[in-house]
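Take a look at the letters that make up each chain.
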Amino acid sequence: MEERKETTATTKKKQCFWAWALAAVIFRLVLIHFSRNLNLASRPEISTPLTSLRRLAEGYWLKQSSVSPYAGSMYHGSPLLLSILGPLTVRSVKFSGDVEGKDSTIILYADFMTAMLIRATGQILQMTYNQSLKSLGIVRLLERSEMLSSGDIAGLVYLWNPLTIVTCVGSSTSPIENLVIVLSLYGACRQRAGLVPLAAFGWVIATHLSLYPAVLVVPLILMLGYGPDSPPRKLFLQKTSIKVGEDPSIGIHDQQKELASQPMLPIIFSWRLVIHFILWASLWSFYVLLLCGISVKQYGGLGEMFKSTYGFILTVPDLSPNIGVLWYFFAEVFDFFRNFFLMLFHVNILFMILPLAIFLNHRPCFLAFVYIAISSLLKSYPSVGDSALYLGLLGLFVKELADMQFSFFLFCGYVGTSLLSPVMHNLWIWRGTGNANFYFATAMAYACLQDNFGGGECECNA
């Protein structure tokens with residue numbers, strides 16, 4: 001009888017998830033139909049010089065005219081992305097008179113696949129979490145953890161996140177970058193099923209498209225070596241607190257002694273999978289460089305491609321407004337100090353890699369989430385699509401975030417900055433009643449919120 005009830009409850013949860021997922025897809029299709037009226041593709045919060053589909057269409061037109069797609073300062077993306085999405089932009093212009101159209105449908109598929117991969121990753125993490133609870137003998141927490149599925153929550157959060165929706169409707173290529181990032185995380189979590197080549201493929205393509213996902217090699221190696229999720233330190237504290245509740249005679253001093261003498265579970269680092277990952281990553285990198293070399297052979301070769309893509313990201317020559325903070329800073333800084341501050345901003349990301357890896361080595365999947373959040377904060381040309389990814393991954397750790405402080409304040413801050421940003425941009429650019437400080441103030445507030453959000457997350461998942 002109990003098995004029937006469990007089966008019925010599981011079926012209802014699956015039906016509920018697929019109903020909401022289907023509703024999210026239909027909602028996107030409706031908005032895509034009216035995308036020309038919404039004009040989201042021109043918003044600086046959605047489209048950047050690296051992710052704008054209109055710039056991609058311009059680059060493809062230059063390539064079709066036997067001119068280098070990197071001529072001028074329009075296109076700065078991957079030549080492979082140009083070859084895949086470029087023909088669709090031509091067909092969209094022919095049939096609908098605008099760039100958006102079939103490309104939005106491709107981006108919709110990417111969004112949906114990303115949500116499904118996040119859900120599958122959440123299911124793997126949930127299984128590992130339950131095994132950790134069983135190994136520690138915390139039965140009460142195991143019973144309570146079966147009430148909600150973190151994978152379903154994370155998938156629906158990603159699909160119904162307003163930032164994800166406007167990115168999809170605005171025809172930005174950010175969802176494709178998000179897809180390959182999540183693909184690498186999923187492949188690393190399923191390393192026992194022989195999906196290490198998939199993890200290497202996702203990491204190589206994500207790095208090729210955006211450069212910043214290169215830092216994810218650290219959590220990917222930890223996931224392959226140790227597994228997707230080791231027992232959090234918080235579980236040992238919860239196990240001891242349960243024993244204290246059962247036996248009031250145990251004091252705080254005895255509790256600390258027991259925690260210090262708590263035997264850790266034996267964890268063996270698998271170098272075989274790591275070496276397997278490195279070999280596959282090298283193979284995929286060679287293959288990607290070979291295809292790129294063939295694509296841009298008559299337009300300056302790989303040197304021109306690196307200069308126009310990675311060089312464009314690292315030198316920040318385009319200072320058009322976005323939701324980041326670098327555009328305003330480098331518009332004001334003296335040219336004499338420009339190279340110094342460029343190095344300072346980019347090295348800032350590298351300085352955080354080792355301390356966070358040491359602090360969160362027992363939570364490699366969460367470490368990847370933190371790296372993604374930091375990259376979206378400090379990258380040269382951020383967009384709301386970057387924030388949509390780490391906010392979607394946030395659902396994977398919903399059970400550990402019960403103790404997070406100032407969550408309501410952070411939620412209101414995200415809503416407030418999302419609403420104020422287009423208003424301030426309109427006052428500055430179109431109405432002329434404001435200045436750049438109006439828009440930059442919302443960007444600074446957005447950056448502070450992301451910083452506080454990441455710090456609170458690390459405290460909860462330590």
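Look up: the structure comes first, before these words.
Keep in mind it's a predicted model, so treat the numbers as computed, not measured.

Participant: I keep staring at the overall build of the protein chain and nothing clicks. Help me out?
Facilitator: What the protein chain contains, in helices and strands, is 22 helices and 0 strands. Counting only residues that meet the buried cut, the protein chain has 53% of its 462 residues in that class. Restricting to contacts in the protein chain with at least 6 residues of sequence separation, those with at least 24 account for 76%. When the accessible area of the protein chain is evaluated, it comes to approximately 22400 Å², of which 67% is carbon and sulfur surface.

Participant: Explain the environment of Ala206 here, please?
Facilitator: With respect to the helices, strands and loops of the structure, Ala206 is situated in helix H10 (residues 196-210). Between the C-alpha atom of Ala206 and that of Asn178, which follows or precedes it by 28 residues, the distance is 8.0 Å.

Participant: Would you mind showing me how to read the nonpolar core here?
Facilitator: In summary, soluble globular proteins display a tendency toward joint burial of nonpolar side chains. Among the nonpolar cores identified, the biggest contains 120 residues, and Phe369 and Phe453 are the most heavily contacted of them. The element that contributes the greatest number of residues to this core is helix H19 (residues 364-378), accounting for 12 residues.

Participant: Would you take a moment to explain empty space enclosed by the protein for this structure?
Facilitator: Unfilled space is identified by rolling a water-sized probe across the atoms. Within the structure shown, the criterion is met by 8 cavities of 30 Å³ or more. As a volume, the largest cavity reaches approximately 170 Å³. Taken together, 17 residues make up the lining of the largest cavity; nearest its centre are Ile181, Pro213, Ile372, Ser375 and Lys379. Among the elements of the structure, helix H9 (174-189), H10, H19 and helix H20 (384-393) are those that each provide at least two residues to the lining of the largest cavity.

Participant: What's the story with the pattern of salt bridges in this structure? I'm lost.
Facilitator: A side chain with one charge can pair with a side chain of the opposite charge if their charged atoms come near. Within this structure, the stated rule accounts for 5 salt bridges. Residues Arg43 and Glu45 are paired through a salt bridge, measuring 3.0 Å at the closest nitrogen-oxygen approach. The residues Arg43 and Glu45 share a single accessibility class, namely buried. Across the pair Asp318 and Arg55 runs a salt bridge whose closest N-O atoms are separated by 3.4 Å. Here Asp318, found in the loop between helix H16 (310-315) and helix H17 (326-332), pairs with Arg55, found in helix H3 (residues 53-64); they are 263 residues apart in sequence, far enough to count as distant. We classify Asp318 as buried; its relative accessible area is 14%. With a relative accessible area of 17%, Arg55 lands in the buried category.

Participant: Even after reading the chapter, I still don't get the layout of surface pockets, so can you show me in this structure?
Facilitator: Taken as a whole, the largest pocket spans an internal volume of roughly 950 Å³. For the largest pocket, the lining is made up of 35 residues, of which Asn161, Leu163, Leu391, Tyr414 and Ser418 are closest to its centre. Sorting the residues of the lining of the largest pocket by element identifies helix H7 (150-160), helix H8 (162-169), H20, helix H21 (407-430) and helix H22 (436-460) as the ones contributing at least two each. For the lining of the largest pocket, the per-class residue count stands at 24 nonpolar, 8 polar and 3 charged.

Participant: Sorry, what's going on with the packing of H10 against helix H14 (residues 271-295) here?
Facilitator: Relative orientation and spacing of two packed helices are given, respectively, by the angle between their axes and the distance between those axes. At a minimum axis separation of 8 Å, H10 and H14 run at an interaxial angle of 45 degrees. Considering the angle they form, H10 stands oblique to H14. Viewed along their axes, H10 and H14 form a crossing whose handedness is right-handed. Across the interface between the two elements, Val196, Pro197, Ala199, Ala200, Phe201, Trp203, Val204, Ile205 and His208 from H10 touch Leu273, His276, Phe277, Trp280, Ala281, Trp284, Ser285, Val288 and Cys292 from H14. Of the residues that constitute the contact of H10 with H14, the class distribution is 15 nonpolar, 3 polar and no charged.

Participant: It is not clear to me how the packing of H7 against H20 should be interpreted in this structure. Could you clarify?
Facilitator: Closest axis-to-axis distance for the H7/H20 pair is 8 Å, and the angle between their directions is 155 degrees. Taken together, the axis directions place H7 and H20 in an arrangement best described as roughly antiparallel. As for how H7 packs across H20, the hand of that crossing is right-handed. In this structure, H7 contributes Ala154, Val157 and Tyr158 to the contact, and H20 contributes Ala388, Leu389, Leu391 and Gly392. For the contact of H7 with H20, the residue count by class is 6 nonpolar, 1 polar and no charged.

Participant: Which parts of the structure should I look at to understand the packing of aromatic side chains?
Facilitator: In this description, a pair of aromatic rings is defined by centroid distance and the angle of the planes. Inspection of the entire model under this criterion finds 26 aromatic pairs. Note on Phe329 and Phe345: the rings are 5.2 Å apart at their centroids and 75 degrees apart in plane angle, and the pair reads as edge-to-face. Pair noted here: Phe329 is in helix H17 and Phe345 is in helix H18 (residues 338-359), with a separation of 16 residues, a long-range link. Overall, Phe329 belongs to the partly exposed group, its relative accessible area being 28%. Taken together, a centroid distance of 5.5 Å and an interplanar angle of 35 degrees make the contact between Phe366 and Phe369 tilted. Of this pair, Phe366 and Phe369 both sit in helix H19, 3 residues apart, which is roughly one turn of that helix. Among the aromatic residues, those joined into a cluster by ring pairs are Trp327, Tyr328, Trp428, Tyr439 and Phe440. Its end group placed over the ring of Phe17, Arg119 keeps NZ or CZ at 4.2 Å from the ring centre.

Participant: Which parts of the structure should I look at to understand the side chain of Asn161?
Facilitator: By the element assignment, Asn161 lies in the loop between H7 and H8. Residues contacting Asn161, with those up to four places away along its chain left out, are Ala388 and Leu391.

Participant: Explain a nonpolar patch on the surface here, please?
Facilitator: Nonpolar side chains collect at one region of the surface, where Leu22, Ile26, Val30, Phe34 and Leu38 lie side by side and expose about 450 Å² of accessible area between them. Tallying contributions element by element places helix H1 (residues 2-33) first for the nonpolar patch, with 3 residues. Within the secondary structure, Phe34 is located in the loop between H1 and helix H2 (35-38). Given a relative accessible area of 42%, Phe34 falls into the partly exposed group.

Participant: Could you clarify how one ought to interpret the side chain of Ser375 in this entry?
Facilitator: Tracing the backbone through its elements, the reader meets Ser375 in helix H19. Setting aside its immediate chain neighbours within four residues, Ser375 contacts Tyr212 and Val215.

Rules and cut-offs
Residues numbered from 1 in each chain as written. Predicted model: local features only at pLDDT ≥ 70, side-chain atom pairs only at ≥ 80, totals over all residues. Heavy atoms only, no water. Helix = DSSP H or I, 4+ residues; strand = E, 2+ residues; numbered from the N terminus. Buried < 20%, exposed > 50% of the residue type's maximum accessible area, 1.4 Å probe, protein only. Contact = heavy atoms within 4.5 Å. Areas by Shrake-Rupley, 256 points an atom, 1.4 Å probe, with all protein chains shown as cover. Core = buried A, V, L, I, M, F, W, Y, C linked by side-chain atoms within 4.5 Å. 1 Å grid on protein atoms, 1.4 Å probe; cavity = no way out; pocket = protein on both sides within 12 Å on 5 of 7 lines; lining within 4 Å. Points joined across faces, edges and corners; volume = space filled by probe spheres on them. Salt bridge = Lys/Arg side-chain N within 4 Å of Asp/Glu carboxyl O. Nonpolar A, V, L, I, M, F, W, Y, C, P; charged D, E, K, R; others polar. Axes fitted to C-alpha atoms, helices over the stretch in contact; angles between N-to-C directions. Parallel < 35°, antiparallel > 145°, perpendicular 65-115°, else oblique. Left-handed = near helix turned anticlockwise from the far one by under 90°. Phe/Tyr/Trp six-rings, centres within 6.5 Å; stacked < 30°, edge-to-face > 60°. Lys NZ or Arg CZ within 6 Å of the ring centre and 35° of its normal. Patch = residues over 30% accessible without salt bridge, like charges linked within 9 Å, V, L, I, M, F, W, Y side chains within 5 Å.

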